[in-house]
Amino acid sequence: MTEIDQLLGKSLSKARERVGMTPGELGRRARLSEATVTAFEEGRRRATALQLFEIADCLDVPVEGLFDWAERPVPQVGATGVAFGSGTEALAEHYAALSRSHRAAIYAFLLALGRD
């Protein structure tokens, strides 16, 4: 799995622990097995968008709350008007490696986050 899966897994684990839930309890509430929840948290398995929304609902957090590593400082925009951090190329490679349907789901998810 990718670094994104690892980061999401750590964030999911922290969110679950904040509400005092075990992996088994979260699994039961989200209609997943304990092994599946554990695999998500360890970054060994990738959750679908539907699973992430279900998990967020069970944890009573907005789905974007599962992406807490994204709250790092944003790089300053340079003279070119484009801000690229050191992980931008890796992120682009990971995104390009996704199937078309996964990229479409991510795009739809990001559009939904932008609506206020």
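Everything that follows concerns the structure shown earlier in this document.
Conventions used here
Residues numbered from 1 in each chain as written. Predicted model: local features only at pLDDT ≥ 70, side-chain atom pairs only at ≥ 80, totals over all residues. Heavy atoms only, no water. Helix = DSSP H or I, 4+ residues; strand = E, 2+ residues; numbered from the N terminus. Buried < 20%, exposed > 50% of the residue type's maximum accessible area, 1.4 Å probe, protein only. Contact = heavy atoms within 4.5 Å. Areas by Shrake-Rupley, 256 points an atom, 1.4 Å probe, with all protein chains shown as cover. Salt bridge = Lys/Arg side-chain N within 4 Å of Asp/Glu carboxyl O. Core = buried A, V, L, I, M, F, W, Y, C linked by side-chain atoms within 4.5 Å. Expected span 1.5 Å × (residues − 1).

A. Main features of the overall build of the protein chain. Scanning the protein chain from N- to C-terminus turns up 6 helices and 0 strands. Counting from the amino terminus, the protein chain carries its helices and strands in the arrangement α-α-α-α-α-α. Across the 116 residues in the protein chain, those meeting the buried criterion constitute 30%. Considering only intrachain contacts with a sequence separation of at least 6, the fraction spanning at least 24 residues in the protein chain is 58%. As presented, the protein chain carries roughly 8000 Å² of accessible surface, and 56% of it is formed by carbon and sulfur atoms.

B. Region of interest: the pattern of salt bridges. Within the structure shown, the criterion is met by 6 salt bridges. Between Arg29 and Glu25 there is a salt bridge whose closest N-O contact spans 2.8 Å. Of the two residues, Arg29 and Glu25 are both situated in helix H2 (residues 23-29); the distance of 4 residues between them amounts to about one turn of the helix. According to the relative accessible area criterion, Arg29 is partly exposed, its value standing at 45%. Taking relative accessible area as the criterion, Glu25 reaches 23% and is therefore assigned partly exposed. Among the salt bridges present, the one from Glu54 reaches Arg31, with a minimum N-O distance of 3.4 Å. Taken as a pair, Glu54 in helix H4 (residues 49-59) and Arg31 in the loop between H2 and helix H3 (34-41) lie far apart in primary sequence, 23 residues in all. Through salt bridges with shared partners, a single network forms among Arg16, Glu17 and Glu41.

C. Broad picture of H3. Among all positions of H3, only Thr36, Val37, Ala39, Phe40 and Glu41 are buried. Looking at the buried side of H3, the elements it contacts are helix H1 (3-18), H2 and H4. Looking one or two residues beyond H3, the residue adopting positive phi is Gly43, at roughly 75°.

D. A look at the nonpolar core. Within the largest apolar cluster, 18 residues are counted, with the highest numbers of intra-cluster contacts made by Leu12, Leu26, Ile55, Leu59 and Leu66. Elements supplying a minimum of two residues to this core: H1, H3 and H4. Non-local contacts of Leu26, meaning those with residues more than four positions away in its chain, are made with Leu12, Arg16, Met21, Val37, Ile55, Cys58 and Leu59.

E. Looking closely at the environment of Thr38. Inspection of the secondary structure puts Thr38 in helix H3. As for Thr38 and Thr22, which are separated by 16 residues in sequence, their C-alpha atoms are 9.9 Å apart. Apart from the residues lying within four places of it in its own chain, the contact partners of Thr38 are Pro23 and Arg44.

F. Structural detail: H1. In this model H1 runs 23 Å from its N-terminal to its C-terminal C-alpha over 16 residues, within 8% of the 22 Å that 1.5 Å per residue would give. Within H1, burial applies to Asp5, Leu7, Leu8, Gly9, Ser11, Leu12, Ser13, Ala15 and Arg16. Against the buried residues of H1 lie H2, H3 and H4. Directly beyond the C-terminal end of H1, a positive phi value near 75° is found at Gly20.

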